[in-house]
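Topology and contacts: notes
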Amino acid sequence: MFGLPEPYEEVNFYNRRELWSMDEHNHPYFQFIYVISGVLLFRIGGEEYSLKRGHLCIIPPGQYHSLGSLTGYYQMGINMQQKKDPRGMIALLEDYIQDFTVLELNELLEQLPALEKECKELTKLAKIKAANMLDTLVASCAEKAVNGTEVNFKNQLLTYLNKHLSMRVTLSEVAKELSVSQSHLERLVKKEFGCGVIELFNQLRIGKACSLLSNSTDSIETIAEHLGFYDTSHFSHYFKQKINMNPTQYRKHKNWTK
């Protein structure tokens, strides 16, 4: 559907075949892609994201990306206009969505049949009704982005980090797991926790170490191994940097204060 009220240039529904791909390119406008079924492989900034049913991605202007699918997929797409609109919708996106962003919007699946119906009508009234639906969607995306995709994001992040305390995680691994760009992830974590992803991970490791030293009889060597440190010496040095006493001193102190 073309000829929509501002700030929408086009809304579309595409059914992509198996082994479909599109070479790297960019757009001078914001673009939304919502996966209705199948799997879209989205590549941007040297990373690949597997977007599945219920995932919506937002690509800001000028960001190079490529697309593909092994299985094929069905999508709804929105292309915004380039110029700013009087209502400030484009300005809203520029303020809150500065990087490639992926959101989980399963609730949108129930609303799509109504939008698709209006897109098939092609009347002036249908275009106005479609634009009203898109307004709600765009405002919701901006709200989710500024709120860090709310509690869900925090729970997913902490669950992932706590499950990998015995490993050496990287920023790119965590970003890929949560389907967000590295820069957006760092911004969200900074807002929620006041530090970066790796610093948060290390805080969780030290917290777990303190708990094990206080409440278990595990040897310091076992605790160091459990938390992914190279050896006991490395663990002791790192622990003392953070707690101002070595693990043995900490365990004695905690046992004395019980």
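Whatever comes next refers back to the structure up there.
Presented here is an overview of the structure given in this document. Starting from 1, residues in each chain are numbered consecutively following that chain's sequence as written. Residue-level local features of this predicted model are given only where pLDDT is at least 70; pairs of side-chain atoms are given and counted only at 80 or more, and the full residue set underlies all totals for whole chains, interfaces and linings. With hydrogens and water set aside, each side-chain value is computed from the structure's full complement of heavy atoms.

**Some remarks on the overall build of the chain**
Strands are runs of DSSP state E lasting at least 2 residues, helices are runs of H or I lasting at least 4, and numbering of each runs from the N terminus. Helix and strand content of the chain: 10 helices and nine strands. In this treatment the radius of gyration is a C-alpha quantity, and the globule benchmark scales as 2.2 Å times the residue count to the 0.38 power. By the compact-globule yardstick of 18 Å for 258 residues, the chain is too spread out, its C-alpha radius of gyration being 23 Å. Along the three orthogonal principal directions, the C-alpha set of the chain runs to about 80 × 40 × 30 Å. The Shrake-Rupley method, run with a 1.4 Å probe, gives the accessible areas here. Residue values count only the displayed protein chains as cover. Carbon and sulfur atoms provide 50% of the accessible area of the chain, an area that totals close to 13500 Å².

**Digging into the side chain of H25**
Its location among the elements puts H25 in strand 2 (residues 20-25). For each residue, the accessible area found with a 1.4 Å probe, counting protein chains only, is set against the maximum for its type, and the residue is called buried under 20%, exposed over 50%, and partly exposed in between. Accessibility expressed as a relative area gives 17% for H25, which makes it buried. Counting of polar contacts relies on pairs of N or O atoms within 3.5 Å, with two restrictions inside protein: one atom must be capable of donating a hydrogen and the other of accepting it, and residues adjacent in sequence are counted only when both atoms are side-chain atoms. A polar contact of 2.8 Å, which involves the side chain of H25, links it to the backbone oxygen of D23. We call two residues contacting when some pair of their heavy atoms lies within 4.5 Å. Apart from the residues lying within four places of it in its own chain, the contact partners of H25 are Q63, Y64, H65 and L67.

**Details of helix 6 (residues 182-193)**
An expected span of 1.5 Å times one less than the residue number is assigned to each helix. With 12 residues, helix 6 should reach 16 Å at 1.5 Å per residue; the first-to-last C-alpha distance of 16 Å fits that figure. For helix 6, the full list of buried residues reads H184, L185, L188 and V189. On an axial view of helix 6, the arc spanned by its buried residues comes to 130 degrees, and they lie on one face. Immediately beyond the C-terminal end of helix 6, within one or two residues, lies G194, with a positive phi of roughly 75 degrees. When we speak of the arc, we mean the arc of directions from the helix axis to the C-beta atoms.

**Digging into the pattern of salt bridges**
Salt bridges are identified by distance alone: a Lys or Arg side-chain nitrogen within 4 Å of an Asp or Glu carboxyl oxygen. Per the stated rule, a full pass over the model turns up eight salt bridges. Ionic pairing is found between E48 and R43, a salt bridge with its closest N-O pair at 2.7 Å. Exposure remark for E48: the relative accessible area of 30% places this residue in the partly exposed category. E94 is paired through a salt bridge with K84; the nearest N and O atoms lie 3.2 Å apart.

**Here we look at the layout of surface pockets**
Its volume calculated, the second largest pocket comes out at about 170 Å³. Using a grid of 1 Å spacing that covers the protein atoms alone, one calls a set of points a cavity when a 1.4 Å probe fits there but cannot get out, and a pocket when the set is open and has protein on both sides within 12 Å along at least five of seven lines; lining residues are those with an atom within 4 Å of a point. Y14, R16, Q31, Q75 and N79 are the residues nearest the centre of the second largest pocket, which is lined by 17 residues in total. For the lining of the second largest pocket, the elements supplying multiple residues, two or more each, are strand 1 (8-16), strand 2, strand 3 (31-38) and strand 8 (73-80). Broken down by element, the residue count for the lining of the second largest pocket peaks at five residues, all from strand 8. Grid points are joined across faces, edges and corners, and a volume is the space filled by probe spheres set on the points.

**Considering the sheet that holds strand 1**
Within the open sheet, the five strands sit side by side as 1-8-3-6-9. Their pairing is antiparallel. Each edge of the open sheet is held by one strand with a lone partner, namely strand 1 and strand 9 (101-104). Adjacent strand axes in the sheet meet at a mean angle of 20 degrees, parallel and antiparallel pairs treated alike. Between any two strands, at least two bridges found by DSSP are needed for them to pair. Bridge analysis of strand 6 (residues 55-59) against strand 9 gives four bridges, and the strand direction is antiparallel. Across the sheet, L56 pairs through a bridge with L103, a residue of strand 9. Here an angle of 0 to 180 degrees is reported between the N-to-C directions of two axes, which are lines fitted to C-alpha atoms, with helices fitted over the stretch in contact.

**Some words on the pairing of strand 4 (residues 40-44)**
For strand 4, the buried fraction is high: four of the five residues fall into the buried class. As judged from the five bridges shared by strand 4 and strand 5 (residues 47-51), these two strands associate in the antiparallel manner. Looking at the pairing, L41 lines up with S50 of strand 5. Between the end of strand 4 and the start of strand 5, which pair antiparallel, lie two residues, with G45 showing a positive phi angle near 60 degrees. Of the strand pairs in this sheet, strand 4 and strand 7 (residues 65-69) are connected by four bridges, and their pairing is antiparallel. Counted as the bridge partner of F42 is L67 from strand 7.

**Comments concerning the packing of helix 7 (residues 197-215) against helix 9 (residues 232-243)**
Viewed as axis vectors pointing N to C, helix 7 and helix 9 meet at an angle of 100 degrees, and their least axial separation amounts to 11 Å. One way to sum up the angle between helix 7 and helix 9 is to call them roughly perpendicular. Residue-level contacts link E199, N202, I206, A209, C210 and L213 of helix 7 to F235, Y238, F239, K242 and I243 of helix 9. Nonpolar residues are Ala, Val, Leu, Ile, Met, Phe, Trp, Tyr, Cys and Pro. Charged residues are Asp, Glu, Lys and Arg, and all others, Gly as well, are polar. A breakdown of the residues in the contact of helix 7 with helix 9 according to their chemical character gives eight nonpolar, one polar and two charged. Should an angle fall under 35 degrees it is taken as roughly parallel, and over 145 as roughly antiparallel, whereas 65 to 115 is taken as roughly perpendicular and any remaining angle as oblique.

**Looking at the environment of A209**
Topologically, A209 is positioned in helix 7. Along the sequence, A209 and Y96 sit 113 residues apart, while their C-alpha atoms lie 37 Å from each other. Not counting chain neighbours up to four residues away, the residues in contact with A209 comprise I223, L227, F235 and F239.

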